[in-house]
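Now for the letters of each chain:
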Amino acid sequence: MPAYKYKAAALNGRAVVGRREAADESKLRESLREEQLFLVSCSEAKEKYSSKQLTSAELIDFCRQTGSMLSAGLTLTTVLGIMLKEEMSDNMQLAVKSIFQSIKLGAPLSDAMSYTGGAFPRAACRMIAAAEESGTVPEACIRLAEHYEKDEKSRYDFKSRLVFPLTLLGLLVLLLFAALIFVMPVFNEMYSGESLPPFTAFLWSISGFLRDKWLYALLIIAGASAVIRLTIAIPSVEMYISKQLVTRKKAGRLFRAIYTSRFCRTFSALYSGGLSVISACSAAKEDIGSIYIENQVDEAIKAIRRGSTVRAAFESADGFDGRLRSAVLAGEESGRLGDMLSAAAEALEQESERAVKKLSEFAERVIFGSAAFLTLLIFAAVMLPVYELYLTI
């Protein structure tokens, strides 16, 4: 609920200055008039209630409880009052309190959710707004809870698959630095005064730099990391990387399955919840995670607004798996677009799980191969002087 700083006049002519929440300026005027105050001027103030976006677990809990209790016949204010008595995080407490205050002042649930300062995704607010028009808010809340449960499971599986490869990568980096800083100097003392092969001398110079000037080494690593992050953040570079991920022959098929699964699942939930195709597409693109595909969705939305069919609009979008176009075609011909998208989402979720597994296995092979290669390099650097010494005997 937006807050307004206002200046009003009482019946006796006294000026009254204050701050009050209201759905809009007319509601503020009516609220003041009930207290025999007459609005002179007002301006929107910074929101009193502002919270970070709720976690997936908090969104699921809020939607599930709201949908269940509304289905049981409780009023929205009663539902929120019950939730405020429960133990919850400070962020969720702030969001629920904001909604409760907005509802008491007459705002609909969708507006109250959007007034929380970003606690709820825009897609959720749009879906609740569509449900309010059709009178199916409890069903929409439960559908949102199911959607976020599937989304949380998918993202958890993805992250859990990456834990082992990332752990291996961290250990590899630590072992490499340990070898250069602690192991190489031992052999350096053994070969002191000897003429070393160029490769061995090069590795020992790196080892000495890391050992003696470690602060400069840290600054160089930090600077290189910052340069890489800034380079990747450049729009053209980000677009190029995003495009390569989905257009490569083998890896592209895996990434297309992952991205299409996310889009199809959200698109299906929003469209089945009452949103138009354009609104559902616009909201679903935020969950994809690929700027290249998001741009293609924008182009598809423009084509639909010009009168194109949904299938034709997505025909040239090469970032999606072909099953999305098949599902859209079947849905348009049968008049059951939501059901077809839901079926495609389920099939693509299984494909997405297999894709994540293959990508994690590939990452493991690359890391193991890199570890073996680096170990071989260090071993060669140590043994080359021994071999040359053997040849001179």
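Heads up: the structure comes first, above all this text.
Keep in mind that what you see is a predicted model, and the values were worked out from it rather than measured. Sequence order sets the numbering: in each chain, residues are counted from 1 along the sequence as written. Local features in a predicted model are, by the rule used here, given only for residues with pLDDT of at least 70; side-chain atom pairs are given and counted only at 80 or more, and totals for whole chains, interfaces and linings are based on all residues. The side-chain values count all of the structure's non-hydrogen atoms but skip hydrogen atoms and water molecules.

### A short note on the overall build of the chain
Here is step 1: Assigned secondary structure in the chain consists of 16 helices and three strands.
Here is step 2: Values of the radius of gyration come from C-alpha atoms, whereas the globule rule sets the reference at 2.2 Å times the count of residues to the power 0.38. In summary, the chain has a C-alpha radius of gyration of 30 Å against a globular reference of 21 Å for 393 residues, an excess of more than 25%.
Here is step 3: Here the C-alpha coordinates of the chain stretch approximately 110 × 60 × 40 Å along the principal axes.
Here is step 4: Each residue gets one of three labels from its accessible area relative to the maximum for its type: buried under 20%, exposed over 50%, partly exposed in between, using a 1.4 Å probe on protein chains only. Across the 393 residues in the chain, those meeting the buried criterion constitute 39%.
Here is step 5: Any two residues whose heavy atoms approach within 4.5 Å are treated as being in contact. The contacts of the chain with a sequence gap of at least 6 include a subset with a gap of at least 24, amounting to 61%.
Here is step 6: With residues, only the protein chains shown are counted as cover, and all accessible areas are computed by Shrake-Rupley using a 1.4 Å probe. For the chain, the computed accessible surface area is about 21,900 Å², with 59% contributed by carbon and sulfur atoms.
Here is step 7: Positive residues here are Lys and Arg, negative ones are Asp and Glu, while His and the chain termini are left out of the count. Think of each charge as sitting on NZ of Lys, CZ of Arg, CG of Asp or CD of Glu. Charge-centre separation for the chain: the mean point of 46 positive side chains lies 3 Å from the mean point of 44 negative side chains. What counts as a helix is a DSSP run of H or I of at least four residues, what counts as a strand is a run of E of at least two, and both are numbered from the N terminus.

### Remarks on the side chain of Ser-110
Here is step 1: With respect to the helices, strands and loops of the structure, Ser-110 is situated in helix α5 (residues 109–114).
Here is step 2: The class for Ser-110 is buried, based on a relative accessible area of 6%.
Here is step 3: Ignoring anything within four residues of it in the chain, the contact list for Ser-110 reads Cys-125, Ile-128, Ala-129 and Glu-132.

### What to know about the packing of helix α3 (residues 76–84) against helix α4 (residues 90–104)
Here is step 1: Axis angles are defined between N-to-C directions and span 0 to 180 degrees, where every axis is a line fitted to C-alpha atoms and, for a helix, only to the segment in contact. The geometry of α3 relative to α4 is characterised by a closest axis approach of 10 Å and an angle of 155° between their N-to-C directions. If you check the angle between α3 and α4, you find them roughly antiparallel. For the pair α3 and α4, the crossing hand works out as left-handed. Side by side, α3 and α4 meet where Leu-76, Thr-77, Leu-80, Gly-81, Met-83 and Leu-84 of the first sit next to Met-92, Gln-93, Val-96, Lys-97, Ile-99, Phe-100, Ile-103 and Lys-104 of the second.
Here is step 2: Amino acids are sorted into nonpolar (Ala, Val, Leu, Ile, Met, Phe, Trp, Tyr, Cys and Pro), charged (Asp, Glu, Lys and Arg) and polar (every other residue, Gly among them). Per-class residue counts for the contact of α3 with α4 are nine nonpolar, three polar and two charged. To sort the angles, those under 35 degrees are grouped as roughly parallel, those over 145 as roughly antiparallel, those from 65 to 115 as roughly perpendicular, and the leftovers as oblique. Each helix crossing is assigned a hand: it is left-handed if the near helix lies turned anticlockwise from the far helix by less than a right angle, otherwise right-handed if that turn is clockwise.

### As for the packing of aromatic side chains
Two aromatic rings, taken as a pair, are described by how far apart their centres are and by the angle between their planes.
Here is step 1: Side-chain rings of Phe, Tyr and Trp, where Trp is taken by its six-membered ring, are said to pair if the distance between their centres is within 6.5 Å; with planes under 30 degrees apart they count as stacked, over 60 as edge-to-face, and otherwise as tilted. Under the defined criterion, the tally for this structure stands at seven aromatic pairs.
Here is step 2: Aromatic side chains Phe-267 and Tyr-271 sit 6.4 Å apart centroid to centroid with 70° between the ring planes, which places their arrangement in the edge-to-face category. With Phe-267 and Tyr-271 both in helix α11 (residues 251–272) and four residues apart, this pair spans about one turn of that helix.
Here is step 3: Of the residues examined, Tyr-271 reaches a relative accessible area of 28% and is grouped as partly exposed.
Here is step 4: Centre to centre, the rings of Phe-314 and Phe-320 are 5.8 Å apart; their planes meet at 75°, and the pair counts as edge-to-face.
Here is step 5: Classification of Phe-314 by relative accessible area gives buried; the value is 2%.

### A few points about the side chain of Ser-261
Here is step 1: Here Ser-261 shows up in helix α11.
Here is step 2: Residue classification places Ser-261 among the buried residues on the basis of a relative accessible area of 1%.
Here is step 3: With residues near it in sequence (within four places) discarded, Ser-261 still touches Ala-345, Leu-348, Glu-349 and Ser-352.

### Let's talk about helix α2 (residues 56–71)
Here is step 1: The terminal C-alpha atoms of α2, which comprises 16 residues, lie 22 Å apart, in line with the 22 Å expected from a rise of 1.5 Å per residue.
Here is step 2: Listed as buried for α2 are Glu-58, Leu-59, Ile-60, Phe-62, Cys-63, Gln-65, Thr-66, Gly-67, Met-69 and Leu-70.
Here is step 3: Once α2 finishes, Gly-73 follows within two positions and takes phi at roughly 100°, a positive value. Given a helix with a known number of residues, its expected span is that number minus one, times 1.5 Å.

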